Amino acid sequence: MSNESTTSRARSGPLDDEIDLHRLFALLIDAKWLILGTTVLALLLGGLYATFATPIYKADALLQVEKKQGGMAGLEELSQAMGQEQSMAAEIAILRSRMVLGNVSEQLHADIVVRPDRDPWLGRFTAPDPVAPGVPRPLFAGYRDSETFVTVKQFIVPDNLRGRAFRLTADEQGHPQLRLGEKKVLGGPADQVLRSEDESIVLELGEWQPGSEALTLTRLTPLQAVGAIRSGLTVNEQGRDTGILNVGITGPDKERILAVLDAIAENYLLQNINRQAAEAEQSLEFLNKQLPELKAELTEAEEKLNAYRLESDSVDMEMETQSLLGRVVSMESKLNELKIKESEVSAKFTKEHPAYRTLLEQRRSLEQERDQLNRQIGQLPETQQQILRLMRDVEVNQQIYVGLLNRAQELRIMKASTVGNVRIIDDAVVYPAPVKPQKGLVTGLAGFLGLILSAGFVLGAGLLHRGIESPDQLEEQGIPVYAAVPLSEQQQKLDRLVTAMRRRKRSKHEPIPLLAVSDPADLAVEALRSLRTSLHFAMMEASNKVMMISGPSPQVGKSFITANLAAVLAQVGQKVMVIDADMRKGHLHRYFENQNDVGLSDLLSGQAEHQQAIHGTEVENLHFIPRGQIPPNPSELLMHSRFKALMERLSAEYDLVLVDTPPILAVTDAAIIGQQAGTSLIVARYGMNSAKEVDVSVHRFEQNRVEIKGAILNAIERRASNEYGYYAYHYNSDKT
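Residues numbered from 1 in each chain as written. Predicted model: local features only at pLDDT ≥ 70, side-chain atom pairs only at ≥ 80, totals over all residues. Heavy atoms only, no water.

(A) Highlighting the packing of helix H16 (residues 523-538) against helix H17 (residues 558-571). It is at 9 Å that the axes of H16 and H17 come closest, and there the two elements cross at 70°. In terms of orientation, H16 lies roughly perpendicular with respect to H17. Note on packing geometry: the crossing formed by H16 with H17 is right-handed. Counted together, Ala524, Val525, Leu528, Arg529, Leu531, Arg532 and Leu535 of H16 and Phe560, Ile561, Asn564, Leu565, Val568, Leu569 and Gln571 of H17 form the full contact between these two elements. (Axes fitted to C-alpha atoms, helices over the stretch in contact; angles between N-to-C directions. Helix = DSSP H or I, 4+ residues; strand = E, 2+ residues; numbered from the N terminus. Parallel < 35°, antiparallel > 145°, perpendicular 65-115°, else oblique. Left-handed = near helix turned anticlockwise from the far one by under 90°. Contact = heavy atoms within 4.5 Å.)

Here it is as structure tokens:
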């Protein structure tokens with residue numbers, strides 16, 4: 001290869017990897033029909049889904065969680081100090097807890113699931129008709145359609161069989177029978193409680209009207225039953241610190257979700273009332289234990305006082321002693337109240353809690369005052385001290401006893417009248433229209449998704465695709481482009497015809513129309529005429545009249561270019577020879593309606609004479625040598641001296657010899673042929689071959705000392721992303 005060519009290729013830089021926004025937009029324009037079709041298909045699919053999907057309804061209720069007013073009797077100040085109010089987050093967690101939802105599941109028998117034994121998607125098209133509106137049907141633990149009506153009163157299974165689907169069918173007598181897999185578990189008359197042999201499985205039916213379909217019967221685990229309810233349950237606080245909870249639930253059955261939501265509200269309200277009543281019950285239990293002991297202490301104190309008075313002959317108390325007595329009695333009453341409060345607080349808090357520590361400090365303060373009063377009492381006369389102590393015991397016990405009796409009565413009233421701090425503001429109600437699927441939204445989102453996915457696919461494919469889209473890409477690699485041949489409509493029809501024939505396995509024998517003859521005004525033929533002019537100057541310094549046309553890979557259009565270029569050259573009076581040197585898969589003979597009986601392989605192997613291998617064509621001055629029979633050693637035949645002699649002879653007899661070769665990246669035949677060619681060109685297909693692939697092909701020829709004059713960019717398509725506008729200009733003659 002010449003130094004000039006090497007220098008030119010050495011100056012070439014890498015391909016531009018920057019993202020061109022104009023090109024990306026042009027890619028979208030090119031694929032507009034694909035994007036439009038995908039979007040319309042997505043819209044149709046979204047519309048079908050929205051039409052046939054099971055409608056989902058929503059029911060909601062409104063609850064209010066009020067602040068506690070005062071708390072328990074006698075503990076108002078302490079309740080405020082303890083900060084017993086729960087946050088709304090805690091109330092929401094209680095609403096969604098297993099305690100509430102588990103009770104709902106058991107109450108409604110929602111953990112017993114009865115379904116028809118059929119495919120969930122296709123079965124709906126063969127299912128019996130549903131019951132008419134207004135006909136009662138079981139919401140839970142049952143199933144009904146126009147043929148079947150079954151309800152389950154009781155279904156008990158071991159824990160290890162919960163969640164397993166049993167098959168409920170009718171036997172020959174019409175009696176129910178239950179199967180687990182292929183094994184019969186139980187069976188018998190429908191009006192009896194049915195039990196398995198080991199009595200671990202119990203089934204009691206209400207209604208029994210079997211239809212043509214078998215049923216599946218499942219007892220869910222507690223977690224499954226709660227999870228099924230919780231999956232459609234939503235709880236939100238309206239506003240901030242309002243105490244108003246909006247409880248909603250969704251599902252396909254209006255009546256079912258209404259019953260579930262009513263049960264949730266009732267169970268939440270009931271547990272709140274029970275929780276409030278439990279506090280009163282705890283205090284009442286403590287007081288009931290204390291009252292008998294206090295009654296006994298009071299009786300004993302009164303007896304001691306009466307006995308001392310009889311013994312001392314009714315001693316009177318002085319004013320100072322009476323004052324001390326009142327103070328001591330008041331002090332003991334306060335200490336006793338603190339003792340009761342401490343017992344109640346200790347059930348909820350540890351001694352480190354601020355509320356508990358406050359009680360302990362108050363008790364120590366009162367005990368200090370009591371000790372001071374006891375010291376004052378110790379300074380009185382013995383008689384006064386004794387009578388004061390006895391009267392103190394009586395009055396203190398009496399006040400405490402009466403106080404506890406009143407307190408116990410208050411707690412009984414509180415327990416009986418507990419209403420809790422939760423109330424139902426709005427009962428559960430179902431919205432008349434389904435909340436899902438929203439047909440307009442689903443259809444719109446499906447269309448938008450189809451648009452985004454199709455556009456993303458086009459852009460992604462465009463960014464990843466490295467096929468040549470402009471002659472400039474080859475020029476940047478230092479490879480001159482001698483011609484850019486557009487893909488004609490005639491050639492597109494031809495490609496479709498060849499594809500159809502290939503499917504019918506007839507493509508190897510069907511002739512291919514020669515475009516330069518059948519449609520000489522085609523733009524592709526005009527581009528080849530331009531190439532004819534360029535080749536006149538390119539071959540002025542060539543060593544011979546042999547021109548090799550090769551390519552990097554199959555299906556690039558080498559044979560199309562060779563055959564039609566030869567016809568264009570012959571039409572201007574040049575004597576042209578075309579040789580199909582692809583002795584492996586060459587099909588150039590189909591352009592010239594030749595049977596490929598005798599050709600190049602026969603000539604090089606010595607099985608045919610020179611004149612036998614040369615065939616005439618319908619184009620004047622154009623002759624053709626087909627590939628001949630497929631030989632076992634094509635490369636060795638090309639390296640034989642007969643091939644060199646053939647090229648020298650034909651170069652002397654013809655104005656131009658065009659040799660169509662196999663792709664260089666597939667086999668080495670083209671490198672061997674290039675040794676005998678004075679001019680060599682390479683054909684690259686638009687959008688199929690990459691610039692790197694062409695560059696590797698040229699480098700492969702350079703390694704074999706074959707100089708590639710330039711490239712022909714074939715099959716350029718009309719696209720918005722194609723900046724090369726060779727094909728955009730038309731000049732048609734007027735027809736009169």
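(B) Structural view of the pattern of salt bridges. The final tally for this structure, using the stated rule, is 9 salt bridges. Note that aspartate 111 and arginine 219 form a salt bridge whose closest N and O atoms lie 2.8 Å from each other. Pair noted here: aspartate 111 is in the loop between helix H6 (98-108) and strand S2 (112-116) and arginine 219 is in strand S10 (residues 215-219), with a separation of 108 residues, a long-range link. With respect to burial, aspartate 111 and arginine 219 carry one shared label: buried. Measuring nitrogen to oxygen at the nearest pair gives 2.8 Å for the salt bridge that ties aspartate 253 to arginine 137. Of this pair, aspartate 253 sits in the loop between strand S12 (244-251) and helix H8 (254-312) while arginine 137 sits in the loop between S2 and strand S3 (142-144), placing them 116 residues apart in sequence. (Salt bridge = Lys/Arg side-chain N within 4 Å of Asp/Glu carboxyl O. Buried < 20%, exposed > 50% of the residue type's maximum accessible area, 1.4 Å probe, protein only.)

(C) Local environment of the side chain of aspartate 669. Position of aspartate 669 among the secondary structure elements: in helix H22 (residues 669-674). Since its relative accessible area comes to 0%, aspartate 669 is described here as buried. A polar atom in the side chain of aspartate 669 sits 3.1 Å from the side chain of arginine 584. Each residue touching aspartate 669, except ones within four places of it in the same chain, is listed here: Arg584, Pro634, Ser635, Leu638 and Pro662. (Polar contact = N/O pair within 3.5 Å; in protein donor to acceptor, adjacent residues only side chain to side chain.)

(D) Inspection of the pairing of strand S14 (residues 481-486) at higher detail. Among the 6 residues in S14, 5 count as buried, and that is most of the element. Note: S14 against strand S21 (residues 710-716), 4 bridges, orientation parallel. Following the sheet pairing, valine 481 is matched in S21 by alanine 711. (Pairing = 2+ DSSP bridges.)

(E) Representation of the packing of aromatic side chains. Across all of its chains, the model carries 2 aromatic pairs by this definition. On the basis of an interplanar angle of 90° and a centroid distance of 5.7 Å, the ring pair of phenylalanine 155 and phenylalanine 166 is categorised as edge-to-face. Taken together, the residues phenylalanine 155 in strand S4 (residues 149-156) and phenylalanine 166 in strand S5 (residues 165-170) connect sequence positions 11 residues apart. The residues phenylalanine 155 and phenylalanine 166 share a single accessibility class, namely buried. Aromatic pair phenylalanine 592 and phenylalanine 624: ring centres 4.7 Å apart, planes at 35°, arrangement tilted. In this pair, phenylalanine 592 is assigned in the loop between strand S16 (576-580) and helix H18 (600-604) and phenylalanine 624 in strand S18 (residues 622-625), connecting sequence segments 32 residues apart. Positioned above the aromatic ring of phenylalanine 149 is the side chain of arginine 144, whose terminal nitrogen or guanidinium carbon lies 3.9 Å from the ring centre. Taking NZ or CZ as reference, lysine 575 lies 4.8 Å from the ring centre of tyrosine 654, over its face. (Phe/Tyr/Trp six-rings, centres within 6.5 Å; stacked < 30°, edge-to-face > 60°. Lys NZ or Arg CZ within 6 Å of the ring centre and 35° of its normal.)

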